[in-house]
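# Structural overview
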Amino acid sequence: MLTLIGAGQGTFVVGEHVTRFYARPDVVYVPLRDAPPLHWGPVWPTARETARLRAFVAAAVESAQAAA
């Protein structure tokens, strides 16, 4: 996506974290100040849900809440 944008072939809405982790000289990030925040979370096909996956998500949520 960033390669196409850098080549002048489009635009794309990204979260603010992209500006920190994917700085590029050929891409300009324009903040959307009046847009609601993006909320991220893990997703997976329901047919592939396992106890291990549920435990991982629970640990990730607990870690994120402790850090907040």
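Presented here is an overview of the structure given in this document. Note that the coordinates shown come from a computational prediction; the quantities given were computed from them, not determined experimentally.

For methionine 1, the position within the fold is in the segment before helix H1 (2-6). Judged by relative accessible area, methionine 1 falls into the partly exposed class, the value being 47%. Measuring from C-alpha to C-alpha, the distance between methionine 1 and threonine 11 comes to 8.5 Å, with ten residues separating the pair along the chain. Not counting the four nearest positions on each side in its chain, methionine 1 is found in contact with Phe12 and Val14.

According to the stated counting rule, one finds two salt bridges in the structure shown. The shortest N-O distance in the salt bridge between arginine 24 and aspartate 26 comes to 2.8 Å.

Moving on, we get to the layout of surface pockets. The computed volume of the largest pocket comes to approximately 700 Å³. Forming the boundary of the largest pocket are 22 residues, of which Val14, Gly15, Val30, Pro31 and Leu32 lie nearest the centre. Across the lining of the largest pocket, the residue classes break down as 16 nonpolar, four polar and two charged.

Attention now goes to the environment of glycine 6. Inspection of the secondary structure assignment puts glycine 6 in helix H1. Glycine 6 sits in the partly exposed class, given a relative accessible area of 25%. When the C-alpha positions of glycine 6 and proline 25 are compared, they lie 8.3 Å apart, and in sequence the two are 19 residues distant. Excluding its chain neighbours within four sequence positions, the residues that come into contact with glycine 6 are Asp26 and Val27.

Cut-offs and rules
- Residues numbered from 1 in each chain as written.
- Predicted model: local features only at pLDDT ≥ 70, side-chain atom pairs only at ≥ 80, totals over all residues.
- Heavy atoms only, no water.
- Helix = DSSP H or I, 4+ residues; strand = E, 2+ residues; numbered from the N terminus.
- Buried < 20%, exposed > 50% of the residue type's maximum accessible area, 1.4 Å probe, protein only.
- Contact = heavy atoms within 4.5 Å.
- Salt bridge = Lys/Arg side-chain N within 4 Å of Asp/Glu carboxyl O.
- 1 Å grid on protein atoms, 1.4 Å probe; cavity = no way out; pocket = protein on both sides within 12 Å on 5 of 7 lines; lining within 4 Å.
- Points joined across faces, edges and corners; volume = space filled by probe spheres on them.
- Nonpolar A, V, L, I, M, F, W, Y, C, P; charged D, E, K, R; others polar.

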